[in-house]
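# Architecture and fold: a report
Each chain is listed here by its residues.
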Amino acid sequence: MSDAELALRSTRVITPEGTRAATVAVSAGTITAVLPYDAEVPAGARVEDVGDHVLLPGLIDTHVHVNDPGRTEWEGFWTATRAAAAGGITTLIDMPLNSLPPTTTVEHLRIKRDVARDKAHIDVGFWGGALPDNVKDLRPLHEAGVFGFKAFLSPSGVDEFPHLDQERLAVSLAEIAGFDGLLIVHAEDPHHLAAAPQHGGPRYADFLASRPRDAEDTAIAALIAQARRLGARVHVLHLSSGDALPLIRAARAEGVRLTVETCPHYLTLTAEEVPDGASEFKCCPPIREAANQDLLWEALADGTIDCVVTDHSPSTADLKTADFATAWGGISGLQLSLSAVWTQARRRGHTLEDVVTWMSARTAALAGLDGRKGAIAPGRDADFAVLAPDETFTVDPAGLQHRNRVTAYAGRTLHGVVKSTWLRGRRVFADGEFTPPQGTLLDRPR
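In this report, we go over the structure that sits alongside the text.

Here is what the cut-offs are and how they apply
- Residues numbered from 1 in each chain as written.
- Predicted model: local features only at pLDDT ≥ 70, side-chain atom pairs only at ≥ 80, totals over all residues.
- Heavy atoms only, no water.
- Core = buried A, V, L, I, M, F, W, Y, C linked by side-chain atoms within 4.5 Å.
- Buried < 20%, exposed > 50% of the residue type's maximum accessible area, 1.4 Å probe, protein only.
- Helix = DSSP H or I, 4+ residues; strand = E, 2+ residues; numbered from the N terminus.
- Contact = heavy atoms within 4.5 Å.
- Arc of directions from axis to C-beta.
- Pairing = 2+ DSSP bridges.
- Axes fitted to C-alpha atoms, helices over the stretch in contact; angles between N-to-C directions.
- Disulfide = S-S within 2.5 Å.
- Parallel < 35°, antiparallel > 145°, perpendicular 65-115°, else oblique.

Okay, the nonpolar core next. Ranked by internal contacts, the top residues of the largest apolar core, which has 99 residues, are Phe149, Leu183, Leu239, Leu258 and Val355. Broken down by element, the residue count for this core peaks at six residues, all from helix α1 (residues 77-86). With residues up to four places along the chain from it excluded, the contact list for Leu239 reads Glu216, Ile220, Ala244, Leu245, Ile248, Val260, Glu261, Thr262, Tyr266, Leu296 and Ile305. With 21 residues, the next largest nonpolar core counts Val158, Phe161, Leu182 and Trp328 among its residues.

See below:
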């Protein structure tokens, strides 16, 4: 610890070996040692004692729609990364669509990076996009540093990002498998969606019926078949259907290279409580029934679902109309994700260590950042969140950092108050105040 510049001390530090009282030594933005709580601190090291608050590794959110450039009235790197920092998130990976241009060529990636560079309050990486006509761009994007490729199997909701049919999925996945890349997939089958009743209007029950579970189940089964045939790496985005879990378990048991995520809104909100006309709750696939939610929690507990990410997908308030058919589909939850998940997890007997596994360690592994982030351990980036896990707050949209303060969590009382957030040993958020942007733009580890 002789070269330490900073010593962060807490009676509760979450490490890969468990939670214990410890002093975490930091030098040049990197954790150099995790020492006993009462370890002697050498002259020159600044001591930050957070008392009984929990020191946990900064969260890594691998599913965020920042929408910048092009739709910055919906969100933007400045506001999104501030909201993330306020929620204990120290790294996010930006989705390739809803920005203009989408991240589907190397030139478009350069534009995205130029926009983000001076606005990032936390570290930011980028997914590329797989479209029907950009197979030739996939390898160059991979070599340029994207973390993988996003594809839709049903219409995305924006014209500039068309979905892949099964033939184009096979072509794109074969190309990506050729360089051992990762395809991350919005898995809903367009034929099942087209066959479902499409009533429109304000009734949430009608919207739920329009996005049935079998649309997810069928698309996931087809994705598994393609991944099995090609030996490819695939990741199922925002799983909401508990009925797909047996398919996923069976595929993994036979060695298919498959990972799966779900989202805070599927774990904490239920269809039964969504008011008619309240399209702040609209997302695709949809928030489903309480019994389905129980299946998702069971799958998190047994490891079938790997991780929890926000799918933060905001829009301007005017697009959240009372008609579920026409309202923009997306939940804004970036700032609230840790508290929302922890509130429900503690009710179900899970620990903060579990939450850190789902929202930091495994998301780091998904992105290939687990050699650098996702744990309080020597050699990792000194990215931390300081959490008061037993304190509560009631969600007031006016207190959110999101550009558009529309949230399905409004009025809810949540456990877990983020006191401060640290990026490579520097405090970037504390008690509602932010430093100037200090984030770094990340490339996929080589």
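Having put the structure on the table, let's press on.
In an α-helix, one turn spans 3.6 residues, which is why side chains three or four residues apart end up on the same side. Among the residues of helix α2 (residues 106-116), those classed as buried are Leu109, Lys112, Arg113, Val115 and Ala116. An end-on view of α2 places all buried positions within 160 degrees of arc, on one side of the element. Buried positions along α2 lie against α1, β7 (89-94), β8 (123-126) and α3 (135-144).

Moving on, we come to the sheet that holds strand β6 (residues 59-64). Read across the open sheet, the three strands follow the order β6-β7-β8; overall the sheet is parallel. Because the sheet does not close on itself, it has two edges, and the strands there are β6 and β8. Ignoring which end each strand starts from, the neighbouring axes of this sheet average 20 degrees apart. Here β6 pairs with β7 via four bridges, running parallel. The residue bridging Ile60 from the neighbouring strand is Thr91, located in β7. Along the sheet, α1 makes contact with β7 and β8, crossing β7 at roughly 140 degrees.

Glancing now at the state of the cysteines. Under the criterion given, the structure shown has zero disulfides. Not part of a disulfide, Cys263 finds its nearest cysteine sulfur in Cys283, a span of 7.6 Å. By relative accessible area, which is 0% here, Cys263 ends up buried. Cysteine Cys284 is unpaired, with the sulfur of Cys283 as its nearest cysteine sulfur at 6.8 Å.

We now examine the packing of helix α7 (residues 213-230) against helix α8 (residues 245-253). If you want to describe how two helices pack, look at the angle between their axes and the distance between the axes. Here α7 crosses α8 at 10 degrees, and the two axes come no closer than 10 Å. As summarised for this structure, α7 and α8 are arranged roughly parallel, according to the angle between their axes. Facing Asp217, Ile220, Ala221 and Ile224 of α7, the residues of α8 in contact are Leu247, Ile248 and Ala251.

Quick look at the sheet that holds strand β11 (residues 182-186) now. Each strand in a sheet pairs with another by means of backbone hydrogen bonds, the pair being arranged parallel or else antiparallel. Read from one edge of the open sheet, six strands run β9-β10-β11-β12-β13-β14, paired in parallel fashion. This sheet does not close on itself; its edge strands, each paired only once, are β9 (128-129) and β14 (307-308). Across four bridges, β11 lies against strand β12 (residues 233-236) in parallel orientation. Each bridged residue has a counterpart across the sheet, and for Ile184 the counterpart in β12 is His235. Packing against the sheet, α7 makes contact with β11, β12 and β13 (258-262), and its axis sits at approximately 165 degrees to β12.

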